[in-house]
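# Topology and contacts: notes
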Amino acid sequence: MPKTSAQAPAARSSVLKAEHLTKQVESPEGLLTIVHDVSLEIASGESIAVVGPSGAGKSTLLALLAGLDLPSAGRVLLEGRDLTRLDEDGRALVRAQRVGFVFQSFHLIPSLTALENVMLPLELAGHARAHEAALETLRQVGLKERGRHYPRQLSGGEQQRVALARAFVTRPAVLFADEPTGNLDATTGAKIGQLLFEMNACSHTTLVLVTHDRDLAARCERIVHMDAGQLR
Amino acid sequence: MRAALLSMRMLSREWRSGELGVLLLALTIAVASLTGVAFLASRISAAVAMQATHVLAADIRLESPQPIDAADLVAARRAGLRTARAASLLSVVFEGDRGQLADIDAVTAGYPLRGEVTVADRPFAKGRPAPGIPPPGEVWPDSRLLATIGAHVGSRLSIGAAEFRVGRVLISRPDAGGTFRGLVPNLLMNAVDLPRTALIQPGSRVTYAALFAGAPGRVAAFKHWLAAHARPAERLRDISSTTPQIKSAVDRAGRFLSLASLAAVLLCATAVAMSARRYVERHLDTVALLKTLGATRRFTAWLATLQLLAVALLATVVGSALGYLTQAWLVYALRGVLASRVPPPASLAPAGMGCLAAVALLTGFALPPLLQLSRVPAIRVLRRDIGPPRPLMLLAFGPAAAVVALLIYWVVPDWRLFLGFAAGLAAFIALLTLTGALLVMAAGRLRAHTGVAWRYGIARLSRRKADSIVQIIAFGTGIMALLLLGILRNDLNGDWRRSLPADLPNYFFVNIPPQKRDAFVAYLHARGAKTSRMMLLMRGRLTGIDGRPVAQMRFADHRGEQFANREQNLTWSATIGAGNRVVAGRWWSPADYGQPLVSISTEFEKWLGLRIGDRLTFDIAGETLTVRVASIRKVKWDSFRPNFFIVFAPGPLDKVAGTYLTSAYLAPGPAESLAELARRFPSVSIFDIDDLLADVRSMLDKAVLAVQSVFVFTLIAGLTVLLAAVQSSRDERRYESAILRTLGASRRTVLKGVLAEFAAIGVLAGLIAAAGASVAAYFLTTRVLDLPYAFSPWACVTGLVGGGLVVAASGWLATRAVVRQPPLATLRADI
Ligand SMILES: Nc1ncnc2c1ncn2[C@@H]1O[C@H](COP(=O)(O)OP(=O)(O)O)[C@@H](O)[C@H]1O
Ligand SMILES: [Mg+2]
């Protein structure tokens, strides 16, 4: 049974640390607090699920942790580096080298083939053997034969597998997944979940998973609940 | 470097997916129309210049009753020009005791510098190009001369004190138009033989001419030098002085071409802007994702810039090739229509211009949105509603405005016109924006009161505010440009057709004695000729302005000096001639008759710096006459009717003796009636301008052709705008119509909604475009093309109906394919 605490297991070193994160946005009704004073520590290699009702602020928290967005207050340390003190390009660099993503709506680039989509992060990071590495990762997700297909020629499950390959191909320190099975039917979703955890186990990546899916959450070492912007 | 490499790889993938297609198309057409027009314009003006120089047998020609100073010819050769001399006089040519008065032209080697002399071995045969000029001892009489005196090739003719062998028959020579053809036959001889004839005695009437030709730049420089050094009796003739008709027609055609290519480029700019906008919309997610995956902002900006550069490069190469080929094909396809040869393009400069335009268009219209694209935050991968931050107005529209301003200034390099033009365009776009905003507002109010189809269409209008306004601007500008060019083109062609009716006078009669005036007209009328008004012609010299002798005055324009130093043709008239328009002062009424008043043309006004009320003193046949400037006229010199710089009021000239001149149209017929006319009125000089008219007609054909073909380029550019607009709305429509149809709307309902939306946009855009085009046409016809303006209601109707129909059709096209797809396919494809 996974634990439900904001503390990382004491034995392992922490890879990601959020301190008093708050995110507020302007809205027609005034200042809106989406994430409220969230502190969280995640150990290297750990898998953690963030669950909670829709609109709780899970995606926002994920964006803050990954440095996609800046908090209104608090800070995020990724492998000891304070993301909130880096500029946009600095954070992009960190993402290129240390972070992988999987999204609910796959987010493959429609004009690129499956293989090219997987190569993309390697190319952005200046990887020398992008083609071979991408091909190998595509093989791992069972789509080696579909490398030349465009996203629109693939089913939802296949697209998400390509996305998984793209996320793991750079061997990231942390993988962020926002409802990776949310757009898929139950069977396909289960298969994708299975693949995600297999790959994660192989690469010893730290996994931060936002999900509605109880079964998926249950496979994580730890589950945190989020409601109205706060962890409980 | 890594970024560059990767960008290029990304680019090649974008190519494959056809994302850059419309952008490339718009740009290619812009380049093609600019280069095509530029090539065509340069070729046609070269053709015109060539044709005109034939009339002179040279690029410039200096004529004088005295021998031309040899120093002028030396100076010309030193300036890199080719030269030749000619002397022309009237003398009787004998074969035995049969004689005939002939116009004898003695020329030096090199003659003619432009055009060609054709000869044959028998009279009235078909000519072939002559090898140079007659060798010494030989003359080339024309067919009529030989026929009249009964001579042939090999006969011996005596001219003055010398005897010559007839070497060939002269069939044609380029500068024959200036002589008294139809009356006096022609004979060409070598100038070295002229002294032997002993025809040149003190007091004999000889016209000496120096001929110059060479590269255009050198000719222009030398002409300047000559004008400054010309002696009082010398007359400098060039293209403009020979055929002002051709020159002004071609000038206008040139200005129209520039306007048309400007319109084409502006249309393409609209298309470029719209396709760039679409590109940005479609790539927001991609760029956000790239950033999520670790791309820096510099990288994404690089990506955009390199992609644009590649597009520009391709568009330039393909566009200039296309432009070149199109104009080459046009000239080739119409070679039958064009009476004379159109020379090949002199340089590849137009291609360079096309390249510059492509880069300018991209920088102004595509780069700002693309750079904006690189600012989209990574967070968009999680929240789709987040786009790039709002740009500064200055950065978003500044470059586009600057590029448009530059282009306009390039086409109309005159500050006042330029400002008018730019202000007009800005006002027009502001009006369109305002109308767009009002439409959007009205649509919001209206949506509750309409059926479902209309509500869907109209709701879109008010929901996608910015989009609707952009579309109105794009369609409005496009329709306006096309309507405007349509109107101008009609004005231009109409004017040309009007100025060259079939019964245009083809003969000018000068030197009609006053006492024979009525008999002369009666004679012509009896032979079915249509005559224009008889005008008194006398020669006089301007001697003073406001009491100061002109000899001591300096004029800003060198043409002023020429005018002041030369005898002018003077006349009087009670009525203002057709093609004359008073621009200052007023034309006299019967009450003014007998007053010392004069009316001058705008050229005279400008060159001599005159104003209404100035007192001009003339010396006319020894009489001194002082008159006041009562009016200034703008004269349409290309009307082919007798026109004068200086016209007196009825009265003041009554005491002075003069002769009359008139022009008439004589149907082609037997030469005898002209010969009889010459016998009955021996003092009358007859000028046959049939050949000149043929020249002008052929030139105008070319100009019309150029105008039509440029219009075609512009139409294509207009279609590109349409395509861009269709494309830009298709993506979103695909999704919306799928949802609507899933909810149970029939295809017809969806299509009707789209038609409603687009028809509303089209009718509004068309309405404003028609108004804008009418106003712009007024200014352009009167200020730039110098033509009278006539409001054309068809433009408004076309704008309104055409706008509504075309725009609705484009909306239908955009949606038809989308609606055909089953909704599920669409929804699934939306990733
Ligand atoms: N930039 C923003 N502006 C306005 N509201 C936002 C913004 N970002 C998030 N929200 C709101 O904050 C709430 C939490 O959003 P999100 O983090 O996406 O929740 P979850 O992923 O848990 O469903 C939602 O109600 C959302 O509309
Ligand atoms: Mg979410």
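Residues numbered from 1 in each chain as written. Chains lettered and ligands numbered in written order. Predicted model: local features only at pLDDT ≥ 70, side-chain atom pairs only at ≥ 80, totals over all residues. Heavy atoms only, no water.

The next point concerns the packing of helix H9 (residues 297-333) of chain B against helix H10 (residues 349-373) of chain B. All names here are of chain B. It is at 9 Å that the axes of H9 and H10 come closest, and there the two elements cross at 150 degrees. Taken together, H9 and H10 sit at an angle that is classed as roughly antiparallel. Between H9 and H10 the crossing geometry is right-handed. Residues Ala 301, Ala 304, Thr 305, Leu 308, Ala 312, Thr 316 and Ser 320 of H9 touch H10, and the partners they reach there are Ala 351, Cys 355, Ala 358, Leu 362, Ala 366, Leu 367, Leu 370 and Leu 371. Among the residues forming the contact of H9 with H10, the class breakdown is twelve nonpolar, three polar and no charged. (Axes fitted to C-alpha atoms, helices over the stretch in contact; angles between N-to-C directions. Helix = DSSP H or I, 4+ residues; strand = E, 2+ residues; numbered from the N terminus. Parallel < 35°, antiparallel > 145°, perpendicular 65-115°, else oblique. Left-handed = near helix turned anticlockwise from the far one by under 90°. Contact = heavy atoms within 4.5 Å. Nonpolar A, V, L, I, M, F, W, Y, C, P; charged D, E, K, R; others polar.)

All right, on to a nonpolar patch on the surface then. Residue and element names in this part refer to chain B. Together, Val 763, Leu 767, Val 797, Leu 800, Val 801, Leu 805 and Val 806 give the surface a local cluster of nonpolar side chains, amounting to about 580 Å² of exposed area. Among the secondary structure elements, those contributing two or more residues to the nonpolar patch are helix H20 (747-784) and helix H21 (793-820). The element contributing the most residues to the nonpolar patch is H21, with five residues. Structurally, Val 763 can be placed in helix H20. What makes Val 763 partly exposed here is its relative accessible area of 37%. (Patch = residues over 30% accessible without salt bridge, like charges linked within 9 Å, V, L, I, M, F, W, Y side chains within 5 Å. Areas by Shrake-Rupley, 256 points an atom, 1.4 Å probe, with all protein chains shown as cover. Salt bridge = Lys/Arg side-chain N within 4 Å of Asp/Glu carboxyl O. Buried < 20%, exposed > 50% of the residue type's maximum accessible area, 1.4 Å probe, protein only.)

Formed by 102 residues in total, the largest nonpolar core has its most connected members in B:Leu27, B:Phe256, B:Val272, B:Leu361, B:Phe365, B:Phe475 and B:Leu488. If one sorts the elements of this core by residue count, helix H8 (residues 244-292) of chain B sits on top with 21 residues. Counting contributing residues, this core receives three or more from each of domain 1 (1-55 + 246-411) and domain 3 (416-500 + 690-831) of chain B. In this view, B:Leu361 contacts B:Leu27, B:Ala30, B:Val265, B:Cys268, B:Ala269, B:Val272, B:Ala366, B:Val403 and B:Leu407; residues no more than four positions away in its chain are not counted. A:Ala63, A:Leu68, A:Met226 and B:Val381 belong to the second largest nonpolar core, which has 48 residues in total. (Core = buried A, V, L, I, M, F, W, Y, C linked by side-chain atoms within 4.5 Å. Domains from an automatic or database assignment.)

With that out of the way, let us pick up the site of ligand 1. Taken together, A:Val25, A:Ile34, A:Pro53, A:Ser54, A:Gly55, A:Ala56, A:Gly57, A:Lys58, A:Ser59, A:Thr60 and B:Arg383 make up all the residues around ligand 1. Near ligand 1, residues from chains A and B are present, making the site a shared one. Between A:Ser59 and ligand 1, the recorded distance is 2.8 Å, taken from a side-chain N or O atom to an oxygen atom. A:Thr60 places a polar side-chain atom, nitrogen or oxygen, 2.5 Å from an oxygen atom of ligand 1. (Near = heavy atom within 4 Å. Polar contact = N/O pair within 3.5 Å; in protein donor to acceptor, adjacent residues only side chain to side chain.)

Moving on, we come to the environment of B:Leu309. With respect to the helices and strands, the residue B:Leu309 is situated in helix H9. Between the C-alpha atom of B:Leu309 and that of B:Thr363, which follows or precedes it by 54 residues, the distance is 9.5 Å.

So, on to the interface of chain B and chain A. Facing 25 residues of chain B, the contacting portion of chain A comprises 32 residues. For the pair chain B and chain A, the summed buried area comes to about 2700 Å², and 64% of that belongs to carbon and sulfur atoms. Between the two partners, chain B and chain A, sit one salt bridge. Here A:Glu88 and B:Lys291 are joined by a salt bridge, their closest N and O atoms 2.9 Å apart. Taken together, the connections running from chain B to chain A amount to five residue pairs in polar contact (both at pLDDT 80 or more). At the level of secondary structure, the elements contributing two or more residues to the side of chain B that touches chain A comprise helix H1 (2-17), H8 and H9 of chain B. (Buried area = accessible area lost by both parts, 1.4 Å probe.)

All names here are of chain A. Pairing is mixed across the open sheet formed by six strands, whose spatial order is S6-S7-S8-S3-S9-S10. Single-partner strands in this sheet number two, and they are strand S6 (99-102) and strand S10 (230-231). In terms of strand pairing, strand S3 (residues 47-51) meets strand S8 (residues 206-210) through four bridges, oriented parallel. Across the sheet, the residue bridging to Ile 48 is Val 208, located in S8. (Pairing = 2+ DSSP bridges.)

Residue and element names in this part refer to chain A. For strand S7 (residues 174-178), the tally of buried residues reaches five of five residues, placing the bulk of the element in the interior. Neither face of S7 is exposed, since Val 174, Phe 176 and Asp 178 on one face and Leu 175 and Ala 177 on the opposite face are all buried. Relative to S8, S7 runs parallel, the two sharing five bridges. Note on S8: the bridge partner recorded for Ala 177 is Leu 209. Handedness of the S7-helix H6 (residues 186-203)-S8 crossover: right-handed. (Right-handed = clockwise from strand over helix to strand, strands pointing away.)

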